[in-house]
Amino acid sequence: VQLQASGGGLVQAGGSLRLSCAASGRTFSGYDMGWFRQAPGKEREFVARVTWSGGITSYADSVKGRFTISRDTAKNTVFLQMNSLKPEDTAVYYCAARSYYSGSYYNADDYDYWGQGTLVTVSS
């Protein structure tokens, strides 16, 4: 399984970015596709997830209303649209996948596969 994240960059506060995660290597039916982030000196934290089959979404409170997660099953790609970005959103963003039949979607330890990360920097 490969997860390839892209789309990070430098943006001013209030701006937008769209992250992509290209997934390959297996069928993802029955999987959660998640985005996590890790800021310098901090633990990796949950950002958002979408179920591959039903498109059910969940968000961290810190991004609710500003970020939107979606997936294109035909293209095997997951997106994270980030609007109204804040300096505190600066982090390396990782996409991940896990079977949603066990564990919790907000727990990084319950994810089986991880992408390499893409850096998002929001300047004030």
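Scroll up to find the structure this text is about.
Summary of the structure given here. (Residues numbered from 1 in each chain as written. Predicted model: local features only at pLDDT ≥ 70, side-chain atom pairs only at ≥ 80, totals over all residues. Heavy atoms only, no water.)

### Topic: unusual backbone geometry
If a residue is not glycine, its phi is most likely negative; likewise, a peptide bond is most likely trans.
Thought 1: Phi angles above zero are rare outside glycine, and Asn76 is one such case at about 55 degrees.
Thought 2: Structurally, the position occupied by Asn76 is in the loop between β7 (67–72) and β8 (77–82).
Thought 3: Among the residues examined, Asn76 registers a relative accessible area of 24% and is labelled partly exposed.
Thought 4: Even without being glycine, Ser84 reaches a positive phi, approximately 50 degrees.
Thought 5: With respect to the helices, strands and loops of the structure, Ser84 is situated in the loop between β8 and β9 (91–99).
Thought 6: Here Ser84 falls in the partly exposed class, since its relative accessible area comes to 41%. (Helix = DSSP H or I, 4+ residues; strand = E, 2+ residues; numbered from the N terminus. Buried < 20%, exposed > 50% of the residue type's maximum accessible area, 1.4 Å probe, protein only.)

### Describing the pairing of β9
Thought 1: The buried fraction of β9 is high, at 7 of 9 residues.
Thought 2: Where strand β4 (residues 31–38) lies against β9, 8 bridges are found, and the strand directions are antiparallel. If you follow Tyr31 over to β9, its bridge partner there is Ser99.
Thought 3: Inspection of the sheet shows β9 paired to strand β11 (residues 118–123) by 3 bridges, in the antiparallel sense. The residue bridging Val92 from the neighbouring strand is Leu119, located in β11.
Thought 4: Relative to strand β10 (residues 113–114), β9 runs antiparallel, the two sharing 2 bridges. When the sheet's bridge partners are listed, Ala97 is paired in β10 with Tyr113. (Pairing = 2+ DSSP bridges.)

### Digging into the state of the cysteines
Thought 1: Tallying each qualifying case throughout the model produces 1 disulfide.
Thought 2: Cys21 shares a disulfide with Cys95; S-S distance 2.2 Å. The disulfide joining Cys21 to Cys95 has a torsion of about 65 degrees about its S-S bond and is therefore right-handed. Here the residue Cys21 occupies a position in strand β3 (residues 17–24), and Cys95 occupies one in strand β9, the gap between them amounting to 74 residues. In this structure, Cys21 and Cys95 share a single accessibility class: buried. (Disulfide = S-S within 2.5 Å.)

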